[in-house]
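Residues per chain, in single letters:
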Amino acid sequence: MTSTRRLAVDALVRIDADQAYANLLLPQLLARVDMASRDRAFVTNLVYGTVRMRRACDWLVDRFVDRDLDPPVRAALRVGAYQLAFLDTPPHAAVGETVDAVPKRVRGLVNAVLRRVADAPRDYPDDATRLSYPDWMVERVLADLGREDGLAALEAMNEPAEVTERADGYVQDRGSQLVTEAVGAVAGDLVVDLCAAPGGKATGLAGAGARVVALDQRRARAGLVAANASRLGLDVGVAVADGRRPPVRSSSADCVLVDAPCSGLGALRRRPDARWRIDAAAIDRLAVLQRELLEGAADLVAPGGTLCYSVCTLTRAESIDVAEGFAAAQPAFMSLEPPGAPWVPWGSGSLLLPQAEGTDGMAVFRWKRAG
């Protein structure tokens, strides 16, 4: 039977060496082995947790390493450190089982380093190392949210994501469900969802009785929307289209949702490797796209209709700044009253902090077009 630690080490090597996505790779690896459900859950915890806490694990290990490490050895030491520091696994189990997962030629090294990690104090040098985020990300979140809320958000996003299921069986984070509710569509409304994939919000709106047109720029992603709608027995019109130039009649929609591509800095719980893939410059690049999507959406809204903009991020540049820029350029659109708790005021819109309800972090802004 395959060792849980060995499978976790193999996955981590692939994630680092091949730039594989943890949420795509791990199910493939687990499908190939005969393993009890409890062990599968443990492997998932090891892989996701170690990827998430990679920086902290490396700091714990590197104090006791004086040489370059091969990828499998580095991965094994991270797995061992994660168990010791974040799972509170008894040292004899964390060290012994991890040592058994590596080739015999390096077992002495792995054993010696992990035993020192187990005995040493964990006095991390700074918050970025302790919480295991890139420096720029911590600086940005603290600057935008303030130190107290920012640290609480970063800590919350180090917790495993909860699985939430709608009444129709669709698995969707509660934060995304709250965004769907914030759109304010009622039965019979024509709603255009400009960036719809994978279809959670589009199907949620359709399930509430709205007539939904769902667009996505990539054919494969539009196909996900169609497949999810079909599985749920919902009638959703799906088209492959650029949301900046939507093929929808001007002034025809009761509601338009722009759930825009963003840095995802509010959704890092469920995307363990995203924090290591995002670069700081991406935020400003994405803000340009977000403004363009809003401009494309504005023309679709009927007089008296509503426009909703949402992003699963915590940065001002992708939320408040984009919304203020749009509002200044579109005087016909008046801000609507923000939704109440658990949302908190955020510029002219609202913010859902990940620590508030154990959800993804979200920002939402709503406007009504003059009639």
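Everything that follows concerns the structure shown earlier in this document.
Reading the values: rules and limits
Residues numbered from 1 in each chain as written. Predicted model: local features only at pLDDT ≥ 70, side-chain atom pairs only at ≥ 80, totals over all residues. Heavy atoms only, no water. Helix = DSSP H or I, 4+ residues; strand = E, 2+ residues; numbered from the N terminus. Rg over C-alpha atoms; globule rule 2.2 N^0.38 Å. Buried < 20%, exposed > 50% of the residue type's maximum accessible area, 1.4 Å probe, protein only. Areas by Shrake-Rupley, 256 points an atom, 1.4 Å probe, with all protein chains shown as cover. Lys, Arg positive; Asp, Glu negative; His and termini not counted. Charge placed at Lys NZ, Arg CZ, Asp CG, Glu CD. Pairing = 2+ DSSP bridges. Right-handed = clockwise from strand over helix to strand, strands pointing away. Expected span 1.5 Å × (residues − 1). Contact = heavy atoms within 4.5 Å. Phe/Tyr/Trp six-rings, centres within 6.5 Å; stacked < 30°, edge-to-face > 60°. Lys NZ or Arg CZ within 6 Å of the ring centre and 35° of its normal. Salt bridge = Lys/Arg side-chain N within 4 Å of Asp/Glu carboxyl O. Disulfide = S-S within 2.5 Å. Arc of directions from axis to C-beta. Axes fitted to C-alpha atoms, helices over the stretch in contact; angles between N-to-C directions. Parallel < 35°, antiparallel > 145°, perpendicular 65-115°, else oblique. Left-handed = near helix turned anticlockwise from the far one by under 90°. Nonpolar A, V, L, I, M, F, W, Y, C, P; charged D, E, K, R; others polar.

A.B. asks: Even after reading the chapter, I still don't get the overall build of the chain, so can you show me in this structure?
C.D. replies: Across its full length, the chain holds 17 helices and 9 strands. Over its C-alpha atoms the chain spans a radius of gyration of 23 Å, differing by no more than 12% from the 21 Å that the globule rule assigns to 371 residues. Seen through its C-alpha atoms, the chain measures out along the principal axes to roughly 75 × 45 × 30 Å. A buried classification covers 53% of the 371 residues belonging to the chain. When the accessible surface of the chain is summed, it comes to about 16,300 Å², and 50% of that surface belongs to carbon and sulfur atoms. The averaged location of the 48 negative side-chain charges in the chain is 4 Å from the averaged location of its 44 positive side-chain charges.

A.B. asks: Explain the pairing of strand S2 (residues 211–216) to me, please; I cannot follow it from the model alone.
C.D. replies: Strand residues, when the strand is regular, have side chains that alternate between the two faces of the sheet. Two strands pair when backbone bridges link them, and strand S1 (residues 190–193) and S2 are joined in this way by 4 bridges, in the parallel orientation. Within S2, the residue paired with valine 192 across the bridge is valine 213. Once the chain exits S1 it traverses helix H12 (residues 200–207) before rejoining the sheet at S2, and the crossover so formed is right-handed. The parallel pair S2 and strand S3 (residues 236–240) is bridged by helix H13 (residues 219–231), and the resulting crossover is right-handed.

A.B. asks: Sorry if this is basic, but what is going on with helix H3 (residues 37–52) here?
C.D. replies: Helical periodicity: at 3.6 residues per turn, an α-helix aligns residues three or four positions apart in one direction. A rise of 1.5 Å per residue sets the reference length of H3, with its 16 residues, at 22 Å; its end C-alpha atoms lie 22 Å apart and thus fit the reference within 8%. Residues of H3 that are buried include every one of Val43, Leu46, Val47, Tyr48, Gly49, Thr50, Val51 and Arg52, and no others. On its buried face, H3 is in contact with helix H1 (4–17), helix H2 (22–31), helix H4 (54–62), helix H5 (71–86) and helix H14 (274–277).

A.B. asks: So what exactly am I meant to see when it comes to the packing of aromatic side chains here?
C.D. replies: Between two aromatic rings, the relevant description is the distance of the centres plus the angle of the planes. Per the stated rule, a full pass over the model turns up 6 aromatic pairs. Their ring planes at 45 degrees and their centres at 5.2 Å tell us that tryptophan 59 and tyrosine 124 sit as a pair that is tilted. Of the two residues, tryptophan 59 sits in helix H4 while tyrosine 124 sits in the loop between helix H7 (107–119) and helix H8 (127–131), which places them 65 residues apart along the sequence. For tryptophan 59, a relative accessible area of 22% gives the class partly exposed. Of note, arginine 54 hangs over the ring of tryptophan 276, and the distance from its end group to the ring centre comes to 4.4 Å.

A.B. asks: Explain the pattern of salt bridges here, please?
C.D. replies: Side chains that carry opposite charge are capable of pairing whenever their charged atoms lie near each other. Within this structure, the stated rule accounts for 25 salt bridges. Where arginine 67 meets aspartate 66, a salt bridge forms, and the shortest distance between an N and an O atom there is 3.6 Å. Where arginine 244 meets aspartate 242, a salt bridge forms, and the shortest distance between an N and an O atom there is 3.0 Å. Its relative accessible area of 29% is what places arginine 244 among the partly exposed residues. One network of salt bridges, in which partners are shared, links Asp16, Arg54, Asp58, Asp62, Arg74 and Arg78.

A.B. asks: Any chance you could explain the state of the cysteines here in plain terms?
C.D. replies: Linking two cysteines covalently through their sulfur atoms gives a disulfide. Tallying each qualifying case throughout the model produces 0 disulfides. Among the cysteines around cysteine 262, which has no disulfide bond, cysteine 312 carries the closest sulfur, lying 3.5 Å off.

A.B. asks: Hey, could you run me through H2 in this one?
C.D. replies: For H2, the full list of buried residues reads Ala22, Leu25, Leu26, Leu29 and Leu30. Seen from one end, H2 has its buried residues packed into an arc of 125 degrees, which puts them on one side. In H2, those exposed residues whose orientation departs by more than 90 degrees from the buried face are Leu24 and Ala31.

A.B. asks: What is the right way to look at the packing of H2 against H3 in this model?
C.D. replies: The relative placement of two packed helices comes down to the angle between their axes together with the axis-to-axis distance. Running from N to C, H2 and H3 point in directions that differ by 150 degrees, and their axes come no closer than 11 Å. In this view, H2 runs roughly antiparallel relative to H3, as classed from their interaxial angle. Crossing geometry of H2 relative to H3 is assigned as right-handed. On H3, the residues touching Ala22, Asn23, Leu26, Leu30 and Ala31 of H2 are Arg40, Val43, Thr44, Val47 and Tyr48. The class makeup of the residues in the contact of H2 with H3 is 7 nonpolar, 2 polar and 1 charged.

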